[in-house]
Amino acid sequence: MSNLVITIDGPAASGKSTVARLLAERLGASFLDTGAMYRAVTLAAIEAGVDMSDEEKLLGVLETGEFQFVVKEGKMAVRIGGVDVTEWIRRPEVTAKARHIASSAKLREKLVRMQRQFAAGEEKIVTEGRDQGTVAFADADVKFYLTADAGERARRRLAELRARGGGEPRPSDGLGESFEQIQKAIEERDKSDEDRAVGPLRPADDAIVIDTTDLGIEEVVEKVLRCVKEKCLKRKSKMRWFRFARWCCRVFCNLFFRIQVYGRENVPDEGAFVLVGNHQSYLDPVFCGIPLERPLYFLARDSLWKNRFFGRLISSVNTIPVKQGKADLSAMRKVIGKLKEGRGVCVFPEGTRSIDGRISPFKPGFGLLCRRGEAAVVPVLIDGAFECWPRHKKIFSRGRIDVCYGKAIPAGEVANMSDRQLAELLTDTLRRMQTKSRIKHGKEPYDY
Ligand code: DC
């Protein structure tokens, strides 16, 4: 799992490739040029003589082609079927036809998946393209959007073509375009990138936008590096705070409760998972989270943020606000983003605390999060919290709490279940775990 993901998006010739490469070099990070992936599929399709408007055929090219993207001497080398095509994918014909690949939702989905797989194997990564901060890595640690006016970008492209052509552009290389033609082509590509329905070019809401029109590459790299360092410092102190808060919660729980934990080994050490628990008390997120070394993300109703101090406190320990009474798409996107980053999220699908200790049937909505986040699902039973802090009591009392993590359902199995099937399976699993736990501890099991 990547510890640091930096995205750099922007229009053609905004300087993002060079900046991304230099930044990766200085940070000792990997570098992913996602434009090269779109270009490689385009080249393979041209070579295979595929009709560029036939999406299924293009998909076939992506699925059957042996594409390899490797970082070599700080540059991304591309091979198709073992042949190095790093230079070929820069051909003007490829540049012109890449929009067919870029505008297909199915191809984009597959390419984004490949990008995430690539990143998952890297400790630190700088990735550049058009949709890296908005789609592929919506939860990246630092996001940049580089831009520059079209005239300046055309000047840069012309200089690059001349340097590559070793002198004046020659029409036979496709390099014979005038400055005006290059600027027009850049503006057309901007329009096609911005207007497409899927993964359009736009800055992410939380991206740092840098206009590079009047800046040299070094100045941009310095600026970007400064922002990354600032963000990393903040992230480190956030992590320290999280660990301290968890330690405080552990001390608090040891003072007031006797917590017994079972099945901790069922929680995966790596990769996305959703911890699905029964809800008995306000302290359930604490009971589920403190036995684990991996940090968890939680969901809570947005009204808890009305008290600004409390809101900031729970935000600082990874709690995501969810709007009540409607489908909160932004919260869903955040959760799915966390899962796609390979993190753990804890949910209580009863929607509210139990009124009598029994487990009510789970609401099926969480299934979508699990599937879209490609997460394993781990049931977690909390027993004893109702006795310590039932919803009709203002304050808790001391007592024993059992936290049992059940066997994980792998992401592959979750993918094949409907929301309802998953909700029924988990309701049933947790009720059985609860009955077993209550009998074991001499408590009357609930009737279901
Ligand atoms: O950045 P570039 O010029 O190498 O990109 C080549 C093509 O791929 C261009 O048409 C935009 C498209 N692209 C995209 O749609 N999404 C990305 N993440 C990267 C590139």
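From a predicted model like this one, the values you see are computed outputs, not experimental measurements.

**What about the overall build of the protein?**
- Scanning the protein from N- to C-terminus turns up 16 helices and 15 strands.
- Reported as C-alpha extents along the three principal axes, the dimensions of the protein are approximately 85 × 45 × 40 Å.
- The 448 residues of the protein split such that 47% are buried.
- Taking the contacts inside the protein whose residues are at least 6 apart along the sequence as the reference set, 74% of them involve residues at least 24 apart.

**Some remarks on the site of the ligand**
- Around the ligand there are 16 residues in total, and Arg 39, Arg 108, Arg 130, Asp 131 and Arg 189 lie nearest to it.
- Here an oxygen atom of the ligand and a side-chain polar atom of Arg 130 are 2.8 Å apart.
- Arg 196 is positioned with one of its side-chain polar atoms (N or O) 2.9 Å from an oxygen atom of the ligand.
- For the ligand, whose free accessible area comes to 450 Å², the fraction covered by protein is 96%.
- Only helix 2 (34-47), helix 4 (92-102) and helix 8 (179-195) provide two or more residues apiece to the shell around the ligand.

**Here we look at the packing of helix 1 (residues 16-27) against helix 9 (residues 217-256)**
- It is the contact of helix 1 with helix 9, at a shortest axis distance of 10 Å, that shows an interaxial angle of 55°. Relative to helix 9, the element helix 1 is oriented oblique. The way helix 1 lies across helix 9 gives a crossing that is right-handed. Side by side, helix 1 and helix 9 meet where Thr 18, Val 19, Leu 22, Leu 23, Arg 26 and Leu 27 of the first sit next to Ile 217, Glu 218, Val 220, Val 221, Glu 222, Val 224, Leu 225 and Val 228 of the second.
- Classifying every residue of the contact of helix 1 with helix 9 gives ten nonpolar, one polar and three charged.

**Description of the confidence of the model for the protein**
- Confidence in the prediction for the protein averages 92 pLDDT; 96% of positions are at 70 or higher.
- Here residues 166-174 is a poorly scored stretch, pLDDT under 50, and it has eleven contacts once near neighbours within four places are set aside; other chains count.

**A word on the pattern of salt bridges**
- This model, assessed by the stated rule, comprises 34 salt bridges.
- The partner of Glu 374 in a salt bridge is Arg 113, with the nearest N and O atoms 3.4 Å apart. You can see Glu 374 sitting in the loop between helix 13 (366-372) and strand 14 (376-383) and its partner Arg 113 sitting in helix 5 (residues 105-120), a full 261 residues away along the chain.
- The partner of Glu 341 in a salt bridge is Arg 343, and the shortest N-O contact between them spans 2.5 Å.
- Since its relative accessible area comes to 21%, Glu 341 is described here as partly exposed.
- Overlapping salt bridges bring together Glu 47, Arg 91, Glu 93 and Lys 97 as one network.

**Describing the sheet that holds strand 5 (residues 83-84)**
- Pairing is antiparallel across the open sheet formed by three strands, whose spatial order is 3-4-5. At either end of the open sheet lies a strand with only one pairing partner, and these are strand 3 (67-72) and strand 5.
- In this structure, strand 4 (residues 75-80) lies alongside strand 5, joined through two bridges in antiparallel fashion. When the bridges of strand 5 are listed, Ile 80 appears paired with Val 83.

**Concerning the state of the cysteines**
- Tallying each qualifying case throughout the model produces zero disulfides.
- Cys 248 takes part in no disulfide bond, and the closest cysteine sulfur, belonging to Cys 249, lies 6.9 Å away.
- With no disulfide of its own, Cys 249 lies closest to Cys 253 among cysteine sulfurs, the gap being 6.5 Å.

**Overview of the sheet that holds strand 7 (residues 142-147)**
- Taken in spatial order, the five strands line up as 2-6-1-7-8 in an open sheet, and their pairing is parallel. The open sheet has two free edges, formed respectively by strand 2 (30-33) and strand 8 (208-211), since each of these has just one partner strand. Sheet twist, expressed as the average angle between the axes of neighbouring strands with direction ignored, equals 20°.
- Those strands touched by helix 1 are strand 1 (4-9), strand 2, strand 6 (124-129) and strand 7, and its axis lies near 175° from that of strand 6.
- Together, strand 2 and strand 6 form the strand contacts of helix 2, whose direction differs from that of strand 2 by roughly 45°.

**Quick look at unusual backbone geometry**
- Non-glycine residue Asn 318 carries a positive phi angle of around 70°.
- Mapped onto the secondary structure, Asn 318 falls in the loop between helix 11 (308-316) and strand 12 (319-322).
- By relative accessible area, which is 8% here, Asn 318 ends up buried.
- One non-glycine residue with positive phi stands out, namely Glu 374, at about 50°.

**Description of the nonpolar core**
- Among the nonpolar cores identified, the biggest contains 57 residues, and Ile 6, Phe 67 and Phe 144 are the most heavily contacted of them.
- Broken down by element, this core gets its largest block of residues, nine residues, from helix 2.
- Other than its neighbours up to four places away in sequence, Phe 144 contacts Ile 6, Thr 7, Ile 8, Asp 9, Ala 207, Ile 208, Ile 210, Val 224, Cys 227 and Val 228.

**Some details on helix 3 (residues 55-64)**
- Those residues of helix 3 that sit buried are Leu 58, Leu 59, Val 61 and Leu 62. The buried residues of helix 3 occupy an angular sector of 155° when the element is viewed end-on, so they sit on one face.
- Buried residues along helix 3 sit against helix 2, strand 3, helix 4 and helix 5.

Cut-off values and rules
Residues numbered from 1 in each chain as written. Predicted model: local features only at pLDDT ≥ 70, side-chain atom pairs only at ≥ 80, totals over all residues. Heavy atoms only, no water. Helix = DSSP H or I, 4+ residues; strand = E, 2+ residues; numbered from the N terminus. Buried < 20%, exposed > 50% of the residue type's maximum accessible area, 1.4 Å probe, protein only. Contact = heavy atoms within 4.5 Å. Near = heavy atom within 4 Å. Polar contact = N/O pair within 3.5 Å; in protein donor to acceptor, adjacent residues only side chain to side chain. Areas by Shrake-Rupley, 256 points an atom, 1.4 Å probe, with all protein chains shown as cover. Axes fitted to C-alpha atoms, helices over the stretch in contact; angles between N-to-C directions. Parallel < 35°, antiparallel > 145°, perpendicular 65-115°, else oblique. Left-handed = near helix turned anticlockwise from the far one by under 90°. Nonpolar A, V, L, I, M, F, W, Y, C, P; charged D, E, K, R; others polar. pLDDT = per-residue confidence, 0-100. Salt bridge = Lys/Arg side-chain N within 4 Å of Asp/Glu carboxyl O. Pairing = 2+ DSSP bridges. Disulfide = S-S within 2.5 Å. Core = buried A, V, L, I, M, F, W, Y, C linked by side-chain atoms within 4.5 Å. Arc of directions from axis to C-beta.

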